[in-house]
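Architecture at a glance
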Amino acid sequence: MRLLDQEVSYAEACRIGGITTWTGKRWRNGRNASGRNKAAPPANAVVPPR
């Protein structure tokens, strides 16, 4: 997400991170609950430091 904030292209950010664009999209968008899997928030949801 930091790379995207620095205006690096989405595909390039995934390549630098060593992940596929498909995985990057899953991390970016989070996931819905399905079967036994719980929902997960998007990766850009930041928890404030303590």
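First, a word on what this report is: a plain description of the structure on this page. All values derive from a computational prediction rather than experimental measurement.

**Topic: the pattern of salt bridges**
Scanning the model with the defined rule gives one salt bridge in all. Across the pair Glu-12 and Arg-15 runs a salt bridge, and its minimum N-O distance is 2.7 Å. You can see Glu-12 and its partner Arg-15 sitting in helix H2 (residues 10–17), three residues apart, about one turn around the helix.

**Side note on the environment of Leu-3**
Summarising the element assignment, Leu-3 is placed in helix H1 (residues 2–5). On a C-alpha basis, the gap between Leu-3 and Ile-16 in space is 9.0 Å, while along the polypeptide they are 13 residues apart.

**Digging into the packing of H2 against helix H3 (residues 21–29)**
Here H2 crosses H3 at 100°, and the two axes come no closer than 9 Å. Taken together, the axes of H2 and H3 are roughly perpendicular relative to one another. The segment H2 lies against H3, with Tyr-10, Ala-11 and Cys-14 engaging Thr-21, Gly-24, Lys-25 and Arg-28. Partitioned by chemical class, the residues of the contact of H2 with H3 number three nonpolar, two polar and two charged.

**As for the layout of surface pockets**
Counted as a void, the largest pocket has a volume near 210 Å³. Looking at the largest pocket, it is lined by 12 residues, and the ones nearest its centre are Met-1, Ala-13, Cys-14, Ile-19 and Trp-27. Of all the secondary-structure elements, those providing two or more residues to the lining of the largest pocket are H1, H2 and H3. With four residues, the single largest contributor to the lining of the largest pocket is H2. Of the residues that constitute the lining of the largest pocket, the class distribution is nine nonpolar, two polar and one charged.

**A few points about the environment of Arg-31**
Inspection of the secondary structure assignment puts Arg-31 in the segment after H3. Discounting residues that sit within four places of it in the chain, Arg-31 has contacts with Asn-37, Lys-38, Ala-39 and Ala-40.

What counts and how
- Residues numbered from 1 in each chain as written.
- Predicted model: local features only at pLDDT ≥ 70, side-chain atom pairs only at ≥ 80, totals over all residues.
- Heavy atoms only, no water.
- Salt bridge = Lys/Arg side-chain N within 4 Å of Asp/Glu carboxyl O.
- Helix = DSSP H or I, 4+ residues; strand = E, 2+ residues; numbered from the N terminus.
- Axes fitted to C-alpha atoms, helices over the stretch in contact; angles between N-to-C directions.
- Parallel < 35°, antiparallel > 145°, perpendicular 65-115°, else oblique.
- Contact = heavy atoms within 4.5 Å.
- Nonpolar A, V, L, I, M, F, W, Y, C, P; charged D, E, K, R; others polar.
- 1 Å grid on protein atoms, 1.4 Å probe; cavity = no way out; pocket = protein on both sides within 12 Å on 5 of 7 lines; lining within 4 Å.
- Points joined across faces, edges and corners; volume = space filled by probe spheres on them.

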